[in-house]
Amino acid sequence: MKKAEKEMIEAVTTFLKDKYGEIKPEWNIVLMALKDTIHRYSQIKKEIDKSGIYDGSVKNPLLSTEKDCLATILKLTQKIGCTPWDFAKLNKAESQLGVEDDTEDFIDSLIN
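First, a word on what this report is: a plain description of the structure on this page. (Residues numbered from 1 in each chain as written. Predicted model: local features only at pLDDT ≥ 70, side-chain atom pairs only at ≥ 80, totals over all residues. Heavy atoms only, no water.)

Here we look at the overall build of the protein chain
Within the protein chain, the secondary structure is distributed over five helices and two strands. Counting from the amino terminus, helix and strand elements in the protein chain follow one another as α-α-β-β-α-α-α. Burial status across the protein chain gives 27% buried among its 112 residues. With the model as given, the accessible surface of the protein chain reaches about 8,100 Å², and the carbon-plus-sulfur share is 56%. (Helix = DSSP H or I, 4+ residues; strand = E, 2+ residues; numbered from the N terminus. Buried < 20%, exposed > 50% of the residue type's maximum accessible area, 1.4 Å probe, protein only. Areas by Shrake-Rupley, 256 points an atom, 1.4 Å probe, with all protein chains shown as cover.)

And the structure:
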């Protein structure tokens, strides 16, 4: 696994620990799927970069797999609230349930 891939997984893990205080065992399957998909995406992207988008007039068949991997990565990160939009949705839902709103802290962390 490349350094960038490891950093991405570590960032997600840190996000979850900061947000929830721990990584719950049932989340490990999502993290494993995310890790595997990021790795697969990286391999496919490298192969596409090497072989090109087109071979003559034929589109590289790996492009659709690359697109599927990217969609999976986005879905998995959304499910655990790692995108700014999903983070805001989770905070809104928590505030409606009476859970403390830390949106200002999140915005400060993005700015600073």
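Remarks on the environment of Lys35
Within the secondary structure layout, Lys35 lies in helix α2 (residues 28–51). Look at Lys35 and you get partly exposed, because its relative accessible area is 39%. With 30 residues separating them in the primary sequence, Lys35 and Glu5 have C-alpha atoms 7.7 Å apart.

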